[in-house]
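Each chain is listed here by its residues.
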Amino acid sequence: MSVAENGDAIPCSFNDVYRLGNVKDKSLKAIWSDLQTSEFFAKVRDKNNLKGKCGVCEYKEICGGCRTAALFYTGDILESDPSCAYVPKALR
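These numbers come from a predicted model, not from an experiment. (Residues numbered from 1 in each chain as written. Predicted model: local features only at pLDDT ≥ 70, side-chain atom pairs only at ≥ 80, totals over all residues. Heavy atoms only, no water.)

Trainee: What should I look at first to understand the pattern of salt bridges in this one?
Mentor: Working definition: two side chains of opposite charge can pair if their charged atoms are close together. A full pass over the atoms with the stated rule returns three salt bridges. The closest approach of N and O atoms between Arg19 and Asp8, which form a salt bridge, is 3.0 Å. Taken as a pair, Arg19 in the loop between β2 (8–10) and β3 (21–22) and Asp8 in strand β2 lie far apart in primary sequence, eleven residues in all. By relative accessible area, Asp8 is classed as buried at 15%. Here Lys26 and Asp34 are joined by a salt bridge, their closest N and O atoms 2.3 Å apart. Here Lys26 falls in the partly exposed class, since its relative accessible area comes to 34%. (Salt bridge = Lys/Arg side-chain N within 4 Å of Asp/Glu carboxyl O. Helix = DSSP H or I, 4+ residues; strand = E, 2+ residues; numbered from the N terminus. Buried < 20%, exposed > 50% of the residue type's maximum accessible area, 1.4 Å probe, protein only.)

Trainee: Sorry if this is basic, but what is going on with helix α4 (residues 67–74) here?
Mentor: Side chains of residues three or four places apart in an α-helix project in the same direction, reflecting 3.6 residues per turn. Taken together, the buried positions of α4 are occupied by Arg67, Thr68, Ala69, Ala70 and Leu71. In this structure, the buried side of α4 is in contact with α2 (39–45) and α3 (52–56). With its phi angle positive at about 85°, Gly75 sits one or two positions after the end of α4. (Contact = heavy atoms within 4.5 Å.)

Trainee: I would appreciate a short explanation of the side chain of Asn22 in the present structure.
Mentor: Its location among the elements puts Asn22 in strand β3. Of the residues examined, Asn22 reaches a relative accessible area of 12% and is grouped as buried. Side chain to side chain, Asn22 and Asp8 meet in a polar contact 2.7 Å long. Of the polar contacts made by the side chain of Asn22, one reaches the backbone nitrogen of Lys24; its length is 2.8 Å. For Asn22, the contacting residues outside a window of four places in its chain are Asn6, Gly7, Asp8 and Ile31. (Polar contact = N/O pair within 3.5 Å; in protein donor to acceptor, adjacent residues only side chain to side chain.)

Here you go:
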């Protein structure tokens, strides 16, 4: 999680689409706690929801690809990470 210059908490420094809260209104600890129990984060954290080559990759549990790259390039945060050059064994 990162904090933008205006105080907005964002999932990572590359993802400014999703705003999780603002540290001016809520403590960072509270924002983090809310994130851990949110439906959105649960969906993204569950690697079984990944699509495309990320979904069949043997390394998905330790990697999972960059969700921000997937969102930026495909419009779907659960889609394959297009910046990953690795070809999973299941697709070879």
